[in-house]
Amino acid sequence: MNVLVADCGGGSGVNTVRALRCAGHAVTGTAVSRLYLERSRPDSAVVLRDRSRLPKLAAEADVAIAQSGRAALALVGVGNALLPSEGALAIARSKVETKARLREAGISTTEEFALQCPSDAGAAIERFGLPLWVRASVGCGGAKAMRADSAEQARLAIICSPAGLIAEPFLPGKIASWCALYGCKGNLLGSVSMIREEFLYYTLFPGGVGPVASVSITTQEPALQAIGAAAVLAVNEVPRGFATVDMRQSASGDWIVTEVELGCPFPSTDLLAELGANFPAAYCEAVVGREASLAEPEPRWCLLRGVDCEPALVKTDDLEGLQATAFQEDHSDTSDCLHRPVGGG
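Residues numbered from 1 in each chain as written. Predicted model: local features only at pLDDT ≥ 70, side-chain atom pairs only at ≥ 80, totals over all residues. Heavy atoms only, no water.

**Considering the sheet that holds strand β1 (residues 2–5)**
- Read from one edge to the other, the open sheet built from four strands follows the order β3-β2-β1-β4, with strand pairing classed as parallel. With one partner strand each, in any of the chains shown, β3 (44–47) and β4 (63–65) form the two edges of the open sheet. Neighbour-to-neighbour, the strand axes of the sheet open up by a mean angle of 20°, direction not taken into account.
- As paired strands, strand β2 (residues 26–31) and β3 are joined by four bridges and run parallel to one another. Looking at β3, one finds that Ala31 is bridged to Val47.
- The sheet strands contacting helix α1 (residues 11–22) are β1, β2 and β4, and the helix crosses β1 at an angle near 170°.
- Most of the contacts of helix α11 (residues 279–287) go to β4, to which it runs at about 135°, and overall it touches β1 and β4. (Pairing = 2+ DSSP bridges. Helix = DSSP H or I, 4+ residues; strand = E, 2+ residues; numbered from the N terminus. Axes fitted to C-alpha atoms, helices over the stretch in contact; angles between N-to-C directions. Contact = heavy atoms within 4.5 Å.)

**Looking at the pattern of salt bridges**
- Going through the model one piece at a time under the given rule, you end up with 15 salt bridges.
- For Glu168, the salt bridge identified is with Lys99, shortest N-O distance 3.0 Å. Of this pair, Glu168 sits in strand β8 (residues 165–169) while Lys99 sits in helix α6 (residues 95–104); the two residues are 69 residues apart in sequence, bridging distant segments of the chain.
- Classification of Lys99 by relative accessible area gives buried; the value is 2%.
- Between Arg305 and Asp270 there is a salt bridge, and its shortest N-O distance comes to 3.0 Å. On the criterion of sequence distance, the pair formed by Arg305 in the loop between β14 (301–304) and β15 (312–316) and Asp270 in helix α10 (residues 269–274) is long-range, its members being 35 residues apart.
- By sharing partners, the salt bridges in this structure join Lys95, Lys99, Arg135, Glu168 and Glu259 into a single network. (Salt bridge = Lys/Arg side-chain N within 4 Å of Asp/Glu carboxyl O. Buried < 20%, exposed > 50% of the residue type's maximum accessible area, 1.4 Å probe, protein only.)

Function cannot be read off these values alone, since they describe shape.
Written out as structure tokens, the structure is:
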């Protein structure tokens, strides 16, 4: 099968190409520069600065996979693109609209307070208390997110980003993501739940949360799947393609939905393919009308990503012990874990 991967030079695109190669598919990639094509090295490639050409290219491929919201919008309506509707994409991009849909469906999410000027910081603190979680009202991936421990920090956040901010009560618990793939009729083909332990460049983000996790751990906690599936349906009645629901634990341990993202392949699809859950390959099978299903990965697989190093998988029954000894002098004893390097594309 020949698969068109739009924006194949980005991180998600590279992972998608690797996963498709695991399944034996040929890949045609697009990028805005030949330099970006070197990251994934598809079988054939097109340097594409004009996105209006994407539908034509997609029509010539067996399957098209879009890597970004802009590419997804360009491909909506193309027969071989399995994507959510423009309306669903617009709802998911708006935190306020997403939260309204979640509340209507009885799904737990945080309240929000619009921050329009620095003086709004005091009103938000009066309503939610400290610490306060400040972030962008539109977009995904931790955009403009930061924890404010004082009124002055909240005011500075508003001054630095005066448009489109909201305040929410801070959730102190773990961060998790439920990642899923839906078929043409809105049927769930498969999913994976992961605890996000650490994020790439987390020290550079005021909130410590970035768009890509450097350490994720697979889990089969039933609550994550139940909440994630309900959240997707609340935002999109007939979901198609990829969907990700981000959650965070409250002080009482309940999972609270913080974000719903539709249409974009999620990070680490290459590592999940190594575990037998090949989401890009299943996407291709679904688009051409073949039966596709995905087995849920076993729990306690650690998905490790970094910069200037290959991704890797580590299976351990003593994650806490492994983390605690990570910086000791002797690293020779790895008998308590199974390590699996992942081949590059």
